[in-house]
Amino acid sequence: MTSRNIFVIGATGKVGSAAIQQLAKHSHINIHAGVRDVHKASTLKNHGVNLIHMDLDKPDSILSAFEDMHGLLLLTGYSVDMLKQSKRVIDAAKKAGVDHIVHIGASGNDTAEVAHWGWHKMIEAYIEQQGFNYTHLQPEAFMQNITAFGWLENNRVTNLIKDAVWSWVDANDVGALAGEALARPEKFRSQVWRLGYDAADIKSVAKMLSKKMQKDIQLLDLDPSAFYDAAINAGADPAYMSCIRDQFILNGQNAIANADTTFDENAFLKAVGRLPNKWGSYIEREFS
């Protein structure tokens, strides 16, 4: 099999690191990762990753990083800067001759009131307009929101969406599918995947956590505006955080149609070689 050079943006995050683990299973793949601080990302070398200094806010560092690359994982941060950063990446990839881009977006729901969902769709449209082979991955709510981003603390789970039921996906599953798409582009070209494989409200998640952890996990109801204020005080991007706040408000009002929709787990099985995680298997892994 012909070797392929794959470049991963966001390699130190949960999705990016999972993509690297999946890519490392393929002997014909050479993995390269763009990082701001090569020393802080040194553990990636354990997977045979070639670390390349790159800063998405410094355009001159992007084009040279893509030399001789065949595929690219495009994953940006939680900021409105994702728009200009993604355009820089796509333009540089075009100049460098990259043939396939896997983009990690957001929910494929058509609700335009959640602005950053629209931002991601515009990025996807630009990728297609530039003529790339593409695979668009559109994850619903990450399970890691509960366990890894501070929502579970002091035996309480923050609830920002009232009784709404969300569609959930494990970030590891998103990364695994991204890795397979990059390793076997002929199987994934011109595809859009919506990713969410379990539906639950926060109260149900709290009950599952209580059972596994053998603790009484309570709900902490929080107004989305209070969440927004705390995030801004912590230095988060106001434009992006306003999107998240608005989504929580709409969810709490049950104003987002099909927010609990789940997708074809057998398609995931065929693509990755295993079933996607649901809340039970995710909690078992995280708390065993």
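In case you missed it, the structure is sitting above this.
The rules behind these values
- Residues numbered from 1 in each chain as written.
- Predicted model: local features only at pLDDT ≥ 70, side-chain atom pairs only at ≥ 80, totals over all residues.
- Heavy atoms only, no water.
- Phe/Tyr/Trp six-rings, centres within 6.5 Å; stacked < 30°, edge-to-face > 60°.
- Helix = DSSP H or I, 4+ residues; strand = E, 2+ residues; numbered from the N terminus.
- Buried < 20%, exposed > 50% of the residue type's maximum accessible area, 1.4 Å probe, protein only.
- Lys NZ or Arg CZ within 6 Å of the ring centre and 35° of its normal.
- Salt bridge = Lys/Arg side-chain N within 4 Å of Asp/Glu carboxyl O.
- Pairing = 2+ DSSP bridges.
- Contact = heavy atoms within 4.5 Å.
- Axes fitted to C-alpha atoms, helices over the stretch in contact; angles between N-to-C directions.
- Expected span 1.5 Å × (residues − 1).
- Arc of directions from axis to C-beta.

Undergrad: What's the story with the packing of aromatic side chains in this structure? I'm lost.
TA: Note on aromatic pairs: each is described by the distance of the centres and the angle between the planes. Enumeration according to the criterion identifies 12 aromatic pairs in this entry. Taking 5.5 Å as the distance between ring centres and 45 degrees as the angle between the ring planes, the aromatic pair formed by Y78 and Y240 counts as tilted. Here Y78 is found in the loop between β4 (71-74) and α3 (82-96), whereas its partner Y240 is found in helix α9 (residues 238-252), with 162 residues between them in sequence. Judged by its relative accessible area of 53%, Y78 falls in the exposed class. Where W279 meets Y282, the ring centres are 5.5 Å apart and the plane angle is 90 degrees; that geometry is what we call edge-to-face. Highlighted residues: W279 and Y282, both in helix α11 (residues 279-286), separated by 3 residues, approximately one helical turn. Y282 sits in the buried class, given a relative accessible area of 1%. The aromatic ring of F132 is capped on one face by K94, whose charged end is 5.8 Å from the ring centroid. The residue whose ring lies beneath R245 is Y228, and the NZ or CZ to ring-centre distance is 4.6 Å.

Undergrad: Sorry, what's going on with the pattern of salt bridges here?
TA: Note that side chains of opposite charge can pair when their charged atoms are close. Inspection of the entire model under this criterion finds 13 salt bridges. Its salt-bridge partner being R184, residue E180 comes within 2.9 Å of it at the nearest N-O pair. According to the relative accessible area criterion, E180 is buried, its value standing at 6%. Judged by relative accessible area, which is 23%, R184 ranks as partly exposed. Two residues, E286 and R285, come together in a salt bridge whose shortest N-O distance is 3.0 Å. Among the residues examined, E286 registers a relative accessible area of 39% and is labelled partly exposed. Among the ionic contacts, a cluster of salt bridges with common partners joins R36, D55 and D57.

Undergrad: Explain the sheet that holds strand β9 (residues 156-159) here, please?
TA: Backbone-to-backbone hydrogen bonds join strands into a sheet, with any given pair of strands oriented parallel or antiparallel. Taken together, 3 strands build an open sheet; the order of strands is β8-β9-β13 and the sheet is mixed. Edge positions in the sheet fall to β8 (152-153) and β13 (218-221), since each has one partner strand and no second. By the bridge criterion, 2 bridges tie β8 to β9 in an arrangement that is antiparallel. Within the sheet, the bridge partner assigned to E153 lies in β9 and is R156. In the packing of helix α7 (residues 202-213) onto the sheet, contacts are made with β8, β9 and β13, and the angle to β9 comes to roughly 170 degrees.

Undergrad: How do you make sense of helix α4 (residues 115-129) when you look at a structure like this?
TA: Given 3.6 residues per turn, any residue in an α-helix points the same way as the ones three and four places further on. Compared with the 21 Å implied by 1.5 Å per residue over 15 residues, the 21 Å span of α4 between its first and last C-alpha is a close match. When α4 is considered as a whole, its buried residues turn out to be H116, W117, W119, H120, I123, E124 and I127. Buried positions in α4, seen along its axis, are confined to an arc of 160 degrees and lie on one side of it. In α4, the exposed positions that point more than 90 degrees away from the buried face belong to M122 and Q129. Contact partners of the buried residues in α4: β4, α3, β5 (100-104), β6 (133-139) and α9. Where α4 terminates, the next one or two residues include G131, which has phi positive at roughly 90 degrees.

Undergrad: Is there a simple way to explain the sheet that holds β4 in this structure?
TA: Strand order in the open sheet made by the 7 strands is β3-β2-β1-β4-β5-β6-β11, with parallel pairing throughout. Looking at strand neighbours, the two that pair on one side only are β3 (50-53) and β11 (191-195), the edges of this open sheet. Recorded for the sheet is a direction-independent mean angle of 20 degrees between the axes of neighbouring strands. Across 3 bridges, the pairing between strand β1 (residues 4-9) and β4 is parallel. Bridge pairing links I6 to G71 in β4. Contacting β1, β4 and β5, α3 crosses the sheet at an angle of about 180 degrees to β4. Its contacts with the sheet put helix α6 (residues 171-183) on β1, β2 (29-35), β4, β5, β6 and β11, and the angle it makes with β5 is roughly 170 degrees.

Undergrad: Please explain unusual backbone geometry as it appears in this structure.
TA: Among all residues save glycine, negative phi is the norm, and among peptide bonds the norm is trans. With phi around 55 degrees, Q214 is a residue other than glycine that occupies positive phi space. Note that Q214 resides in the loop between α7 and β13. A residue is classified by how much of its surface remains accessible, and Q214, at 74% relative accessible area, is exposed. Unusually for a residue other than glycine, N258 sits at a positive phi of about 65 degrees. Summarising the element assignment, N258 is placed in the loop between α9 and α10 (265-272).

Such coordinate-based values are descriptive only and should not be taken to indicate function.
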